[in-house]
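Coordinate analysis (summary)
Given next are the chains, with one letter for each unit.
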Amino acid sequence: MSRSKGGRRKPLVLGVLVVGLAAVAVGLYLFQPWKLWTDETVDEALPDTVAVQEPAESPQPPDSPESPGASGTDPAQADPPETTEPAPPSGPTTLATGTFITHEHATSGTAKIIELPDGSRVLRIEDLDTSNGPDLKVWITDAEVKPGRAGWGVFDDGAYLDLGKLKGNKGSQNYALPADADLDVYTSVSIWCARFSVSFGAAELARA
């Protein structure tokens, strides 16, 4: 007894449906389109600075026959008092700054390299406004920031440092810089989509 045409079509239809569902699932994983309609807002203050401690006073030795004043020695001949090291800056110092421009997605905000009183440095992004997206990173790079499509994909061509996942597509946030990061080399910041190797927006850093 031969099978009907309808019976032969059922496995084919099921196979097409399975392949189609798998393609949709992969597309949703890669593109995560719902993120385009959801915002993650971060509002971080500048990190706490290390309190500057006053140098402790050295204990004075007791008077002895050899000490000035006890034996009538001329005070002008006594050893001069020790000088203390100058205190470090009492507040943070801006070393470089730049303004974000739009690449694949509309982006605005300010990027700053700030040195804290303890000598550590952070990249601070202020008033960021860009799109959400999959696998967004914050990079500092040696690439020139170019407007338009010509600047979308240049940031992985040379040297770059990955400072970590973008904390939020809106607001102000801080990213620690490695102690050996050379600001004469790393002169730009990119909000980088690692999944598709494209910049959402970038800022050229100018030394303050």
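Quick caveat, the model's predicted, so the values are computed rather than measured.

1. A closer look at the nonpolar core
Core analysis: the largest hydrophobic core is formed by 25 residues, its most contacted members being Ile113, Leu123, Ile125, Val138 and Val189. Contributions of two or more residues to this core are made by strand S2 (93-102), strand S3 (108-115), strand S4 (121-129), strand S5 (136-141), strand S8 (188-193) and strand S9 (198-204). Trp139, Val145, Phe155 and Ala202 belong to the second-largest nonpolar core, a separate cluster that totals seven residues.

2. Examining the pattern of salt bridges
Counted by the stated rule, this structure contains six salt bridges. In this structure, the salt-bridge partner of Glu44 is Lys167, at a minimum N-O distance of 3.3 Å. Remark: Lys167 occurs in the loop between strand S6 (160-165) and strand S7 (170-176) and Glu44 occurs in the loop between strand S1 (41-43) and S2; sequence separation between them is 123 residues. Its relative accessible area of 34% is what places Lys167 among the partly exposed residues. When salt bridges with common partners are traced through the structure, they connect Lys112, Arg124 and Glu126 into a single cluster.

3. Topic: the pairing of S2
Of the pairings in the sheet, the one linking S2 to S3 comprises six bridges and is antiparallel in character. Bridge pairing in S3 places Thr94 opposite Ile114. Adjacent in sequence and paired antiparallel, S2 and S3 are bridged by five residues. Two elements, S2 and strand S10 (residues 206-207), share two bridges in a ladder whose sense is antiparallel. Looking at the pairing, Thr97 lines up with Ala206 of S10.

4. A closer look at the packing of aromatic side chains
One pass over the full model with this rule turns up three aromatic pairs. Ring geometry for Trp139 against Trp192: centres 4.8 Å apart, planes inclined by 20°, an arrangement best described as stacked. Taken together, the residues span a long stretch of sequence, with Trp139 in strand S5 and Trp192 in strand S8 at a distance of 53 residues. Pair check on accessibility: Trp139 and Trp192 agree, each one buried. Where Phe155 meets Trp192, the ring centres are 6.3 Å apart and the plane angle is 75°; that geometry is what we call edge-to-face. Here the residue Phe155 occupies a position in the loop between S5 and S6, and Trp192 occupies one in strand S8, the gap between them amounting to 37 residues. Among the aromatic residues, those joined into a ring-pair cluster are Trp139, Phe155, Tyr160 and Trp192.

5. Observations concerning unusual backbone geometry
Even without glycine at this site, Asp127 takes up a positive phi of about 55°. Among the structural elements, Asp127 can be located in strand S4. Look at Asp127 and you get exposed, because its relative accessible area is 58%.

6. Description of the environment of Asp157
Tracing the backbone shows Asp157 in the loop between S5 and S6. Overall, Asp157 belongs to the exposed group, its relative accessible area being 61%. Put simply, Asp157 and Asp142 are 15 residues apart on the chain and 9.1 Å apart in space, counted from C-alpha to C-alpha.

7. Observations concerning the side chain of Asn132
Counting through the fold element by element, Asn132 comes out in the loop between S4 and S5. With a relative accessible area of 7%, Asn132 lands in the buried category. A distance of 3.2 Å separates a polar atom in the side chain of Asn132 from the backbone oxygen of Thr38. Within the structure, the side chain of Asn132 is placed 3.3 Å from the side chain of Glu40, a separation counted as a polar contact.

Parameters and conventions
- Residues numbered from 1 in each chain as written.
- Predicted model: local features only at pLDDT ≥ 70, side-chain atom pairs only at ≥ 80, totals over all residues.
- Heavy atoms only, no water.
- Core = buried A, V, L, I, M, F, W, Y, C linked by side-chain atoms within 4.5 Å.
- Buried < 20%, exposed > 50% of the residue type's maximum accessible area, 1.4 Å probe, protein only.
- Helix = DSSP H or I, 4+ residues; strand = E, 2+ residues; numbered from the N terminus.
- Salt bridge = Lys/Arg side-chain N within 4 Å of Asp/Glu carboxyl O.
- Pairing = 2+ DSSP bridges.
- Phe/Tyr/Trp six-rings, centres within 6.5 Å; stacked < 30°, edge-to-face > 60°.
- Polar contact = N/O pair within 3.5 Å; in protein donor to acceptor, adjacent residues only side chain to side chain.

Any functional reading would require information beyond the geometric quantities listed.
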